[in-house]
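For reference, the chains in residue letters:
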Amino acid sequence: MSSKDTPPLPEPLRVPVADSHTHLDMQDATVEEGLARAAAVNVTTVIQVGCDVKGSRWAAETAAAHPSVYAAVALHPNEAPRIVHGDPDGWSRQGGREPGGKAALDEALAEIDRLAALDQVRGVGETGLDYFRTGPEGMAAQEESFRAHIEIAKRHGKALVIHDREAHADVLRVLADAGAPERTVFHCYSGDDEMARICADAGYFMSFAGNVTFKNAQPLRDALSVAPIELILVETDAPFLTPAPYRGRPNAPYLIPVTLRAMAEVKGVDEDTLASAINENTARAFDY
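This one's a predicted model, so the numbers in the text were calculated from it and none came from an experiment. (Residues numbered from 1 in each chain as written. Predicted model: local features only at pLDDT ≥ 70, side-chain atom pairs only at ≥ 80, totals over all residues. Heavy atoms only, no water.)

Engineer: Give me the lowdown on helix 9 (residues 256-267), citing residues and values where you can.
Structural biologist: The terminal C-alpha atoms of helix 9 lie 16 Å apart, and with twelve residues this matches the ideal 16 Å at 1.5 Å per residue to within 8%. Along helix 9, the residues classified as buried are Ile256, Pro257, Val258, Thr259, Leu260, Met263, Ala264 and Lys267. On its buried side, helix 9 packs onto strand 1 (17-22), strand 2 (43-49), strand 7 (205-208), helix 8 (218-226), strand 8 (232-234) and helix 10 (271-286). Just downstream of helix 9 lies Gly268, where phi reads positive at about 70°. (Helix = DSSP H or I, 4+ residues; strand = E, 2+ residues; numbered from the N terminus. Expected span 1.5 Å × (residues − 1). Buried < 20%, exposed > 50% of the residue type's maximum accessible area, 1.4 Å probe, protein only. Contact = heavy atoms within 4.5 Å.)

Shown next as structure tokens:
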């Protein structure tokens, strides 16, 4: 990738802040480079998130090796149906896979359970429901996996990190039915202001990503404006969801200041106030 594709380092924040959700294993820079760039703009902590067994092991190892990194481990909602029903098209990172049925899902969940016990692992996620890619046949596997992750998070006293795509009502239903863990984070919050009020009443954290800066994202900004400041987090979800004006270019933790400044504007607070709140919230959410 040429350097012109890489967005420049923004003006550093005056108050340190955490990236509550990133995928260092999918970014072009080495972990060391990524963390150094982030630290240069005062993004001093990152939560590295696993999406499958292999990625979750990597997250746990990376967090063990770097004091500024904590891990979250899980099977992504799209991963559960692939384990159960197979993945003939091989569009996941593992390539084509044979159906493994419930036994394979149980085995994968047992490994997530083992990793969730580790001290450097502070979250169980990203888990939840994703109806964007999964048809009706995969929904049962997703919900079974989601419920198992909720249990794992509660058993180990870890935060639950939720991926919710086009499944708001069902995600809220499962959380209410299964009983949400003490600390629950909606990663890349994608609901509207009405859902933000429901999340706030339940005490769920809402983490906003670069898409809050997109022109067409007024519903997200409306949600942010009603979300209580003590429940707001910021994330990159890098390498995805790069904030404007760099949309379409690779995202990385060092771009957190761009999103945070846009969020401060929506909230009508100065960036230091928001950064302080977010830093405190992230430490509370992930118990570090």
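Moving on from the coordinates now.
Engineer: Break down helix 2 (residues 53-65) for me, with residues and values.
Structural biologist: End to end, helix 2 covers 19 Å across 13 residues, agreeing with the expected 18 Å (1.5 Å per residue, within 8%). Turning to helix 2, its buried residues number three or more, namely Val53, Gly55, Ser56, Ala59, Ala60, Thr62 and Ala63. Where helix 2 is buried, its residues touch helix 1 (31-40), strand 2, strand 3 (69-73), helix 4 (101-116) and strand 4 (121-130).

Engineer: I'd love a proper account of unusual backbone geometry, names of residues and values included.
Structural biologist: For the bond from Gly125 to Glu126, the omega torsion is 20°, close enough to zero to count as cis. When you line up the elements, Glu126 lands in strand 4. A positive phi angle, near 55°, is found at Leu241, a position not held by glycine. Locating Leu241 in the fold gives a position in the loop between strand 8 and helix 9.

Engineer: Describe in detail the packing of helix 5 (residues 136-156) against helix 6 (residues 168-178), supporting the description with residues and values.
Structural biologist: The description of two packed helices rests on the angle between their axes and on the distance between the axes. Contact pair helix 5 / helix 6: the axes reach a minimum separation of 11 Å and the direction vectors enclose 45°. What the angle tells us is that helix 5 and helix 6 run oblique. As for the relative orientation of helix 5 and helix 6, their crossing is right-handed in sense. Contacts from Glu143, Phe146, Arg147, Ile150 and Lys154 of helix 5 reach helix 6 at Val171, Arg173, Val174, Leu175, Asp177 and Ala178. Partitioning the contact of helix 5 with helix 6 into residue classes produces six nonpolar, no polar and five charged. (Axes fitted to C-alpha atoms, helices over the stretch in contact; angles between N-to-C directions. Parallel < 35°, antiparallel > 145°, perpendicular 65-115°, else oblique. Left-handed = near helix turned anticlockwise from the far one by under 90°. Nonpolar A, V, L, I, M, F, W, Y, C, P; charged D, E, K, R; others polar.)

Engineer: Just give me the short version of the sheet that holds strand 2, but keep the residues and values in it.
Structural biologist: The eight strands are arranged 1-2-3-4-5-6-7-8 in an open sheet whose pairing can be described as parallel. Sheet topology places strand 1 and strand 8 at the edges, where each strand pairs with a single neighbour. Taken pair by pair, the neighbouring strands of this sheet meet at an average axis angle of 30°, ignoring direction. Across three bridges, the pairing between strand 3 and strand 4 is parallel. Of the residues in strand 4, the one forming a bridge with Ala72 is Gly123. Its contacts with the sheet place helix 5 against strand 4 and strand 5 (159-165), and it is angled at close to 160° to strand 4. Relative to strand 8, helix 10 is tilted by about 95°, and along the sheet it contacts strand 1, strand 2, strand 4, strand 5, strand 6 (184-186), strand 7 and strand 8. (Pairing = 2+ DSSP bridges.)

Engineer: So what about the pairing of strand 2? Which residues, and what values?
Structural biologist: A regular strand places its side chains so that they alternate between the two faces of the sheet. Along strand 2, six of the seven residues are buried, which leaves the element largely enclosed by surrounding structure. With four bridges connecting them, strand 1 and strand 2 associate as parallel partners. Across the sheet, the residue bridging to Ala18 is Thr45, located in strand 2. Each parallel crossover has a hand, and the one from strand 1 via helix 1 to strand 2 is right-handed. In the sheet, strand 2 pairs with strand 3 via four bridges, with the strands oriented parallel. Looking across to strand 3, one finds that Ile47 is bridged to Tyr70. (Right-handed = clockwise from strand over helix to strand, strands pointing away.)

Engineer: How would you explain the packing of aromatic side chains if you had to name every residue and give the values?
Structural biologist: Two aromatic rings, taken as a pair, are described by how far apart their centres are and by the angle between their planes. Following the criterion strictly, the structure yields three aromatic pairs and no others. Look at Phe186 and Tyr204: their rings are 5.7 Å apart centre to centre, the planes differ by 35°, and that puts the pair in the tilted class. On the criterion of sequence distance, the pair formed by Phe186 in strand 6 and Tyr204 in the loop between helix 7 (193-202) and strand 7 is long-range, its members being 18 residues apart. Across the pair, exposure class does not vary: Phe186 and Tyr204 are buried alike. For the cation-ring pair, Arg247 lies above Phe214, with the distance from its terminal atom to the ring centre recorded as 3.7 Å. (Phe/Tyr/Trp six-rings, centres within 6.5 Å; stacked < 30°, edge-to-face > 60°. Lys NZ or Arg CZ within 6 Å of the ring centre and 35° of its normal.)

Engineer: Give me the lowdown on the pattern of salt bridges, citing residues and values where you can.
Structural biologist: With the rule as written, the count across this model stands at 16 salt bridges. Here Arg14 makes a salt bridge to Asp272, at a shortest N to O gap of 3.0 Å. Of this pair, Arg14 sits in the segment before strand 1 while Asp272 sits in helix 10; the two residues are 258 residues apart in sequence, bridging distant segments of the chain. Between Arg122 and Asp119 there is a salt bridge, with the nearest N and O atoms lying 3.4 Å from each other. Arg122 sits in the buried class, given a relative accessible area of 15%. (Salt bridge = Lys/Arg side-chain N within 4 Å of Asp/Glu carboxyl O.)

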